[in-house]
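Understanding the architecture of this molecule
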Amino acid sequence: MPAETVVTDRGTPALRTRLLVAVLGPLLAAAILIGVVGATLIADVVRRTNDRVLGGALGAIAETVQVERGEVTLDLPSAAFGMLENTERDNVYYRVAVGPDLLTGYADLPAPDPATLSIDVPRYRFARYRGQQIRIAEVRRSLPRIDKPVIVQIAETLDNRGALTRRLMLALLIGECVLVGAAALLLRPALGWSLRPLARLRDAVEARDERARPDFSPLDTGPLPSELRPLAGAFDRLLAQLDTATVGVRRFTADASHQMRTPLSVLKVQVALARRGSGPERSVALDEIADAVIRLERLVTQLLALARAEEAGVSAPLEAVDLREVAAAVITRQIKSAIEAGIDLTIEGDPEVGHVVPGHRTLIFEIVSNLIDNGIRYNRRGGTVSVRLQTTPSQTSIAVVDDGPGIAPEHRDAAFDRFVRLDAAGSPEGSGLGLAIVRSAATRLNADVAFGDADTGTTIILRFARTKG
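Here the structure is a predicted model, which means the values were calculated and not measured.

Below, the discussion takes up the overall build of the chain. Helices and strands together make up the secondary structure of the chain, namely ten helices and 14 strands. Sorting the 469 residues of the chain into buried and exposed places 34% on the buried side. The contacts in the chain between residues at least 6 apart in sequence include a share of 64% that link residues at least 24 apart.

The following block contains the structure:
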């Protein structure tokens, strides 16, 4: 596997390091827990094992305690002490007493309270004797014709127990260290193998930098784990969106430059004529310049409106928009153009019915403004442009109807394309962007825009579906 260069922001650990910490952290915690539990078990096992031997020695001594001729006798078996021999040479102490009287052994060995001992039931306890910690096994016996309790004790120092405990603990610690160390050594190459699909994904992205032209095709990463497939899919969708946006920008730039070339050429020619001419010729040239500026201004305005209608990204929250209020505002703005063109502007619809839709007022204003502007520009003098509002249980619509020459049914689909003009001879010049703006804005509003059926003129209807609730 080739060496990998890990680039991280300052203070942010690499993914491999994070995974190592995430795996080794719980592993170390588990090792500590196992160590604590193991130490407890080792101490208990050592204690039980040695107590069993100590108890065997105690039983061997206690069995030799007998009554002969009314006296308590004892025959200490050597095997009892042999059982307690070990490599650490622990000291062994014993004591046999009848009541308060010592029969044999070490008189200063810590004696128990006979009342706390059960008959023939050994008891074990730790004590301090001659400056050392000892473990005592003791039992109380009841002999016939002996009124006093017989107490048998045997004790040993703890050197052997401590040594055995330390050996077992050391073995446990070495085993845990070997386990954690082996895991740490094996985890890094294992993580490298696990992260290979991520490295392939990174290489596939970095390979795009080496190409002269931007490549927005889906990434070729080979098979990916299920955890990385959503990431690769999201990246491919982002590339597709970038491709769409880039194509749109290129097409928009090409179309805009093409459309702006004509008025700019006219401006250039008329400015040259105005500089050379005088009198009527200069006045005509200035009029042509003013007309070209107006056309250029309208074109730029529509291009900006189209860009705003087609812009990608997260839309602003929807607001309640009153279609009658928007239509009235547009008519107020367009009234001067309508008067100059000899066009009557009207609003039709029940004023008592609310024509409110969820949307963006700016986009709806742009739609209605373009439809009314087209109705005025391409209508006959003395014609009418009507804005008709209608609300039904299923939808709310706004229609702009004019009685101009209209558009043939076979040309209506193409009318919504950008820079497509279907004007008859003698009609005013335009950019062919009005209906393209309408369609793009309607798409962003999740509304439907279409031509209406009309024998004469043009009817374009914008429909908003009404939500239930």
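So, next bit.
Here the structure, examined in full by the defined rule, presents four aromatic pairs. Aromatic pair Tyr94 and Tyr106: ring centres 6.1 Å apart, planes at 85°, arrangement edge-to-face. Within this pair, whereas Tyr94 is found in strand S3 (residues 92-98), its partner Tyr106 is found in the loop between strand S4 (101-105) and strand S5 (123-129), the two being separated by twelve residues in sequence. An aromatic cluster is defined as three or more aromatic residues linked by ring pairs; in this entry it consists of Phe81, Tyr93, Tyr94, Tyr106 and Tyr129. When the ring centre of Phe126 is taken as origin, the NZ or CZ atom of Arg135, which lies over that ring, is 4.3 Å away.

Turning to the pairing of strand S14 (residues 458-465), a few remarks are in order. Of all eight residues in S14, six are buried, a share of seventy percent or more. By the bridge criterion, eight bridges tie strand S12 (residues 395-402) to S14 in an arrangement that is antiparallel. Looking at the pairing, Gln395 lines up with Ala465 of S14. Bridge count for strand S13 (residues 448-451) against S14 is four bridges, and the pairing is antiparallel.

If you look at the biggest cluster of nonpolar residues, it comprises 36 residues, and the most contacted ones within it are Leu345, Ile364, Ile367, Ile372, Ile398, Leu462 and Phe464. Counting only elements with at least two residues in this core, the list comes to helix H7 (323-341), helix H8 (361-377), strand S11 (384-391), S12, helix H10 (434-444), S13 and S14. Those residues in contact with Ile367, other than ones at most four positions away along the chain, are Val438, Ala441, Ala442, Leu445 and Leu462.

Scoring rules and cut-offs
- Residues numbered from 1 in each chain as written.
- Predicted model: local features only at pLDDT ≥ 70, side-chain atom pairs only at ≥ 80, totals over all residues.
- Heavy atoms only, no water.
- Helix = DSSP H or I, 4+ residues; strand = E, 2+ residues; numbered from the N terminus.
- Buried < 20%, exposed > 50% of the residue type's maximum accessible area, 1.4 Å probe, protein only.
- Contact = heavy atoms within 4.5 Å.
- Phe/Tyr/Trp six-rings, centres within 6.5 Å; stacked < 30°, edge-to-face > 60°.
- Lys NZ or Arg CZ within 6 Å of the ring centre and 35° of its normal.
- Pairing = 2+ DSSP bridges.
- Core = buried A, V, L, I, M, F, W, Y, C linked by side-chain atoms within 4.5 Å.

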